[in-house]
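For reference, the chains in residue letters:
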Amino acid sequence: TNSTQFLLALDRRTGQERWRTDVHHGVLPKINEKNSHASATPASDGQRVFTLFAHDDQLLISAIDLTGKILWQSTVGKYKHANGLGASPVLYDQRVIVVSDNSVDPAIVALRANDGSVEWRTPRKASETRAQPRVPFSRWTSSTNRAPTWMPSPMISVLTSSIMSCLTSCRAWSSGRSARTAPGR
């Protein structure tokens, strides 16, 4: 059956609908009965909202401005997962990071936030898991004795067995059991 996936904006004070943007129309993938087709949480940089949907056997990401206008849409890759989509996109330094764990085209992908073009893509092993990317924060204190500040680390963490740099390319470090902290480039 055909369905519509959409982004809905509500007024923070009143809860009234401000706008609705239909993002995709078509066939939705089969999912686990305890999942939904809207499991991925959108991410926002304050200027755009980034949505991630599984649709027509593909994983698709869209950038939508704060008035509901679709700015761009990109295909992350083919997508087939027994339980459905669960991972949400994360933002780091003008990049949208997506983990697409699935059985046909698994990868970690960094897209440029301004136009949706792929900056880097790293294939992963086919899997029915659903890893969530994270940008760890590290404590930084200036030499002028100001209060400590939490700064984003130049790496993303996916699962507990790998750490990936997301500054200029995707470089991975991994160990047999747990992640080791490693500097980004």
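See above for the structure.
Residues numbered from 1 in each chain as written. Predicted model: local features only at pLDDT ≥ 70, side-chain atom pairs only at ≥ 80, totals over all residues. Heavy atoms only, no water.

A.B. asks: Now, about the pattern of salt bridges: what can you tell me, with residues and values included?
C.D. replies: Summed over all chains, the structure comprises six salt bridges. Put simply, R20 and D22 hold a salt bridge, and the shortest N to O gap is 3.0 Å. Judged by its relative accessible area of 42%, R20 is partly exposed. For the salt bridge of R121 with D105, the shortest nitrogen-to-oxygen distance reads 2.9 Å. Within this pair, whereas R121 is found in strand β10 (residues 118-123), its partner D105 is found in the loop between β8 (95-100) and β9 (107-112), the two being separated by 16 residues in sequence. (Salt bridge = Lys/Arg side-chain N within 4 Å of Asp/Glu carboxyl O. Buried < 20%, exposed > 50% of the residue type's maximum accessible area, 1.4 Å probe, protein only. Helix = DSSP H or I, 4+ residues; strand = E, 2+ residues; numbered from the N terminus.)

A.B. asks: Describe the side chain of T21, and please don't skip the residues or the numbers.
C.D. replies: Inspection of the secondary structure assignment puts T21 in strand β2 (residues 17-27). A relative accessible area of 8% means that T21 is categorised as buried. A distance of 2.5 Å separates a polar atom in the side chain of T21 from the backbone oxygen of G68. If we skip the residues at most four places from it in the chain, T21 touches Q5, F6, L7, I64, G68 and I70. (Polar contact = N/O pair within 3.5 Å; in protein donor to acceptor, adjacent residues only side chain to side chain. Contact = heavy atoms within 4.5 Å.)

A.B. asks: Tell me about the packing of aromatic side chains, and name the residues and values.
C.D. replies: Using the criterion set out here, one finds one aromatic pair in the structure. Centroid distance F50 to W72: 6.0 Å. Interplanar angle 45 degrees. Geometry classified as tilted. Highlighted residues: F50 in strand β4 (residues 48-55) and W72 in strand β6 (residues 70-78), separated in sequence by 22 residues. Judged by relative accessible area, which is 8%, W72 ranks as buried. (Phe/Tyr/Trp six-rings, centres within 6.5 Å; stacked < 30°, edge-to-face > 60°.)

A.B. asks: Lay out the nonpolar core with the relevant residues and their values.
C.D. replies: Among the nonpolar cores identified, the biggest contains 17 residues, and L52, L59, I61, V76, L85 and V98 are the most heavily contacted of them. Mapped onto this core, the elements with two or more residues apiece are β4, β5 (58-65), β6, β8 and β9. Contact partners of L52, with chain neighbours within four places excluded, come to A40, L59, L60, I61, V76, L85, A87, P89 and V98. Counting residues in each nonpolar core, the second largest holds seven residues, with A9, W19, V23 and V49 among its members. (Core = buried A, V, L, I, M, F, W, Y, C linked by side-chain atoms within 4.5 Å.)

A.B. asks: Residues and numbers for the sheet that holds strand β7 (residues 90-92), please.
C.D. replies: Strand order across the open sheet formed by four strands is β7-β8-β9-β10, with antiparallel pairing between neighbours. A single partner strand is all that each edge strand has here, and the edge strands are β7 and β10. Geometrically, the sheet is characterised by an average inter-axis angle of 20 degrees between neighbouring strands, direction not taken into account. The pairing of β9 with β10 spans five bridges and is classified as antiparallel. Looking across to β10, one finds that L111 is bridged to V118. (Pairing = 2+ DSSP bridges. Axes fitted to C-alpha atoms, helices over the stretch in contact; angles between N-to-C directions.)

A.B. asks: Residues and numbers for the pairing of β5, please.
C.D. replies: Burial within β5 is extensive, with seven of its eight residues counted as buried. Bridge count for β4 against β5 is eight bridges, and the pairing is antiparallel. Across the sheet, H55 pairs through a bridge with Q58, a residue of β5. The antiparallel hairpin formed by β4 and β5 contains two residues in its connecting segment, where D56 sits at a positive phi of about 50 degrees. Alignment of β5 against β6, held across seven bridges, turns out to be antiparallel. Counted as the bridge partner of L59 is G77 from β6. What sits between β5 and β6 in their antiparallel hairpin is a turn of four residues, with G68 showing a positive phi close to 100 degrees.

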